[in-house]
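Descriptive structure summary
Next come the chains, spelled out residue by residue.
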Amino acid sequence: MQSLQLAHRLENKNVLLVGAGEVAVTRMPKLLPTGCKLTIVSPSFHRKIRESFPGDIPGEQGGIAVNADWDSHSQQTFRIVNDTYRPEHLSLEPHWHIVLVCISDHSASRAIHAQVQEHFGPQQLINVADVPPLCNFYFGANCTLAHDRLQVLVSSNGLSPRFAALVRDEIAQALAEKEELLEQAIEKLGDLRARIRTIACNSDDVAFRMSWIKVVTDAFGLQQCHRLDVDRLAHLFAQMYAEHSTATAAPPAVKLADFPQSDDLVALYSAE
């Protein structure tokens, strides 16, 4: 069964990580850049996890330390609990956006999974490392390109994380020489989408707006989107929107043939 791959926004969301060893370390580069409010529960801590928390980690079992200067841009851990996991730790927050179990003891992992579901219900997002049947989401292998403007995720649905990583590396290597052009393309397309959203801002305009930007993006393609002339294309959109809109009906979706001089779209609307 395939999974639904989503770009999950975690800024200021509470995330619980049980365990602070080698497996947990692999989660940190994925979690901290999202701006999530991360709580880690463990009786011992890997050096790299210690480095993610600016203060002193409590030296006694049961000790809790909170990062008083934490904010979503700091890329730091919010709370450290020096303790073996107990069910009471689930109540440190009224709810957790996601729960991650990263310990090597599978029987203990299964017990934690059962407690989480009992406490929050089966809808709680939880990932139990190395036990795919107990994961209702997977991390996959991801990379960032275009100076963090573009994220790529490859998932094997938990079957072979390492092979997914090899595929990711192939993609990253193939696009490595195009970083600057990719960044320019994404910035221009983002600007263009924002501009046309202000022109066609009604809920009835969605089909027209989305089909229009799709045609433009597809016409320029991966190789040419960095050449978009945003000002002239925004002007073209305004003209076409006015022509297709009526007082009684929403503008219909468009296709390439609806564009004036569609055969020359890229040539006419590319920046110098």
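Residue indices follow the written sequence of each chain, beginning from 1 at its first position. Totals for whole chains, interfaces and linings use every residue, but because this is a predicted model, local features are given only for residues with pLDDT of at least 70 and side-chain atom pairs only at 80 or more, for both listing and counting. Side-chain metrics rest on all non-hydrogen atoms present in the structure, leaving aside hydrogens and water.

If you check an unreviewed UniProt entry, the protein chain appears there as precorrin-2 dehydrogenase from Maudiozyma humilis. UniProt positions are given in the numbering used here, feature names are shortened, and annotations may be inferred rather than shown by experiment. Among the UniProt annotations of the protein chain, the heading Pathway (unreviewed entry) holds the following wording: "Porphyrin-containing compound metabolism; siroheme biosynthesis; sirohydrochlorin from precorrin-2: step 1/1."

Describing the overall build of the protein chain
Only DSSP runs of H or I covering at least 4 residues are called helices, and only runs of E covering at least 2 are called strands; the numbering of each starts at the N terminus. Broken down by element type, the protein chain carries eight helices and eight strands. C-alpha atoms define the radius of gyration, and 2.2 Å times the number of residues to the power 0.38 defines the globule rule. For the protein chain, whose C-alpha radius of gyration is 24 Å, the value lies well above the compact-globule estimate of 19 Å for 272 residues. Only protein chains enter the area calculation, which uses a 1.4 Å probe; residues under 20% of their type maximum are buried, those over 50% are exposed, and those in between are partly exposed. In the protein chain, which comprises 272 residues, the share counted as buried stands at 41%. Contact definition: two residues touch when any of their heavy atoms are within 4.5 Å. Once local pairs closer than 6 in sequence are excluded, the contacts in the protein chain between residues at least 24 apart make up 61%. The Shrake-Rupley method, run with a 1.4 Å probe sphere, supplies the accessible areas, and residue values consider only the shown protein chains as cover. Within the structure as shown, the protein chain displays about 15400 Å² of accessible surface, and the carbon and sulfur contribution to it stands at 52%. Note that His is not counted, nor are the chain ends; the positive residues are Lys and Arg, and the negative ones are Asp and Glu. By convention, the charge on Lys lies at NZ, on Arg at CZ, on Asp at CG and on Glu at CD. Of the charged side chains in the protein chain, 24 are positive and 32 negative, and the gap between their average positions amounts to 2 Å.

A short note on the sheet that holds strand β2 (residues 37-42)
Strand order across the open sheet formed by six strands is β3-β4-β2-β1-β5-β6, with mixed pairing between neighbours. Every interior strand has two partners, whereas the edge strands, β3 (63-66) and β6 (125-128), have only one. Averaged over all pairs of adjacent strands, the angle between their axes in this sheet comes to 15°, without regard to strand direction. Here four bridges tie β3 to strand β4 (residues 79-82), and the two strands are oriented antiparallel to one another. Across the sheet, G63 pairs through a bridge with N82, a residue of β4. Contacts from helix α3 (residues 106-120) reach β1 (14-18), β5 (98-101) and β6 within the one sheet, and its direction differs from that of β6 by about 175°. In this description, strands pair whenever DSSP reports at least two bridges between them. Lines fitted to C-alpha atoms define the axes here, with helix axes fitted over just the stretch in contact, and angles between the N-to-C directions of these axes take values from 0 to 180 degrees.

Some remarks on the packing of helix α6 (residues 206-224) against helix α7 (residues 230-244)
Where α6 meets α7, the closest approach of the two axes is 12 Å, and the angle between their N-to-C directions is 140°. As summarised for this structure, α6 and α7 are arranged oblique, according to the angle between their axes. The interaxial crossing formed by α6 with α7 has right-handed handedness. Along its contact with α6, which presents F208, R209, W212, V216 and F220, the element α7 presents L233, L236, F237, M240, Y241 and H244. Think of it as three bins: nonpolar holds Ala, Val, Leu, Ile, Met, Phe, Trp, Tyr, Cys and Pro, charged holds Asp, Glu, Lys and Arg, and polar takes everything else, Gly as well. Taken together, the residues of the contact of α6 with α7 break down into nine nonpolar, one polar and one charged. Any angle that is under 35 degrees is reported as roughly parallel, and any over 145 degrees as roughly antiparallel; angles of 65 to 115 degrees are reported as roughly perpendicular and all others as oblique. In a left-handed crossing the near helix is turned counterclockwise from the far helix by less than a right angle, and in a right-handed crossing that turn is clockwise.

Comments concerning the UniProt feature "domain: Siroheme synthase central" (unreviewed entry) in the protein chain
Per the UniProt record, "domain: Siroheme synthase central" (unreviewed entry) is annotated on residues 149-173. The distance from the first to the last C-alpha atom of residues 149-173 is 16 Å, and the span holds 52% helix and 20% strand.

Focus on the packing of aromatic side chains
Ring pairs shown here join Phe, Tyr and Trp side chains whose ring centres sit within 6.5 Å, with only the six-membered ring taken for Trp; geometry is labelled stacked below 30 degrees between planes, edge-to-face above 60, and tilted in between. One pass over the full model with this rule turns up seven aromatic pairs. Each member of the aromatic cluster is reached from another via a ring pair, and the members are F208, W212, F237, Y241 and F259. Against the face of F78 rests K37, its NZ or CZ located 4.6 Å from the ring centre. Our definition puts a charge over a ring when NZ of Lys or CZ of Arg is within 6 Å of the ring centre and also within 35 degrees of the ring normal.

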